[in-house]
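Chains, contacts and geometry: an overview
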Amino acid sequence: MYSPFHQLRKPVNQQNGLENVPQFPAHLVPGRTIAAAAVNEDSCEFGSPKYFALCGLGGIISCGLTHTMVTPLDLVKCRLQVNPAKYKNLINGFKVTMADEGARGLAKGWAPTAIGYSIQGLGKFGLYEYFKILYADLLGEENAYYWRTSLYLAASASAELFADIGLVPLESIKVKIQTTPGFANTMREAVPKMLKQEGVSAFFKSLVPLWMRQIPYTMMKFACFERTVELIYAHVVPKPRADCSKGEQLIVTFAAGYIAGVFCAVVSHPADTLVSKLNQEKGASSVEVLKKIGFGGLWKGLGPRIIMIGTLTALQWFIYDSVKVALSIPRPLPPAPPKAKSE
């Protein structure tokens, strides 16, 4: 599959001091956020079904692992959102949870978290790579470069639309376990109870609010990350990317991911609160919840979520790029102006 992002290359005299470095064929050195440390054959063709499958695998590992790791923080964040009278702040939330349920209580909801966000990661990253190439092909080389931010936004929104359909049943189970005292301690207990009380709708009633949370979040996550990486290498890193060690490049990846994560948390937090409240209160609608908690209530738990999402996003990009390096997945160079425009 053709993509302007895979083909664009700067003229030799604009390659950040790479004039004296041997230039290898594009299919051998397709570095994206992490430049290849050595020239190796790629494990698959760029834009092939195997390429998208391996990108999806990277998404499974990065999203499933990181979300499961921060389950305790996510649990306290959800409880701050749905019961601010009992859980005053982040530290108090941990203390109250530990006092009520012990250390094991902090792990509630880990199973649906691991499964749900692994499914979501598959769609989020795999489909993002697919839609990015598809839309770039439709726009053409020149437009794909000059409209690349809009392209990142459109590709990530399209990917998340489908990824959330796989996430929403597991997210509903997770939130129910974490925010409804005495309802269930495990996924096996929660599922039959939810089916009995509300039917299948219990697992999908929060899909629209989830889209409201996740689509803006993912658009910010990918577009902000892609452009932040460009800016860091252009204005912050004191040497060309090719001269940076693999570790230094991964630090850039982590930093750009954290910056993107902070913005992600802010734009998606009101909808995140709405999702938590909907899954806590049986039979409630979005309008009823909004009337009950008011505008201010939508921002409860923002501090913990910034910490959680900033760390999550940074780790996800770090792990995702590490997987691409480990599996020799093609990583196109950052986009550069088409030759006709840059000369």
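To be clear, the structure that these remarks concern was listed above.
Residues numbered from 1 in each chain as written. Predicted model: local features only at pLDDT ≥ 70, side-chain atom pairs only at ≥ 80, totals over all residues. Heavy atoms only, no water.

Further remarks concern the overall build of the chain. Looking only at helices and strands, the chain features 13 helices and 0 strands. The order of α-helices and β-strands along the chain, N terminus first, is α-α-α-α-α-α-α-α-α-α-α-α-α. Burial analysis of the chain (343 residues in total) assigns 52% to the buried set. In the chain, the proportion of contacts linking residues at least 24 apart, taken out of those at least 6 apart, comes to 80%. Total accessible area on the chain stands at roughly 14900 Å², and carbon and sulfur atoms take up 66% of it. (Helix = DSSP H or I, 4+ residues; strand = E, 2+ residues; numbered from the N terminus. Buried < 20%, exposed > 50% of the residue type's maximum accessible area, 1.4 Å probe, protein only. Contact = heavy atoms within 4.5 Å. Areas by Shrake-Rupley, 256 points an atom, 1.4 Å probe, with all protein chains shown as cover.)

Moving on to the nonpolar core. Core analysis: the largest hydrophobic core is formed by 32 residues, its most contacted members being Tyr51, Phe125, Tyr128, Phe225, Tyr233, Val237 and Trp317. Looking at this core, the elements that each hand over two or more residues are α2 (49-69), α5 (110-139), α7 (148-179), α9 (207-236), α10 (246-280) and α12 (302-326). Counting residues per element, this core draws most heavily on α9, at 7 residues. When sequence neighbours within four positions are dropped, the list of residues in contact with Val237 reads Ile232, Cys244 and Val252. Formed by 9 residues, the second largest nonpolar core is a distinct cluster that contains Ala184, Ala190, Ala202 and Phe203. (Core = buried A, V, L, I, M, F, W, Y, C linked by side-chain atoms within 4.5 Å.)

Turning our eyes to something else, we now look at helix α4 (residues 90-101). Two residues of an α-helix separated by three or four positions point the same way, owing to the 3.6 residues in each turn. Look at α4: 16 Å from first C-alpha to last across 12 residues, which is about the 16 Å you get at 1.5 Å a residue. Those residues of α4 that fall on the buried side of the exposure criterion are Gly93, Val96 and Thr97. All buried residues of α4 fall inside an arc of 100° around its axis, so they share one side. In this structure, α4 carries Ile91, Lys95 and Ala99 as exposed residues pointing more than 90 degrees from its buried face. Backbone nitrogen of Ile91 and a side-chain oxygen of the N-cap are separated by 3.2 Å at the start of α4; the cap is Asn89. With its phi angle positive at about 80°, Gly102 sits one or two positions after the end of α4. (Expected span 1.5 Å × (residues − 1). Arc of directions from axis to C-beta. Polar contact = N/O pair within 3.5 Å; in protein donor to acceptor, adjacent residues only side chain to side chain.)

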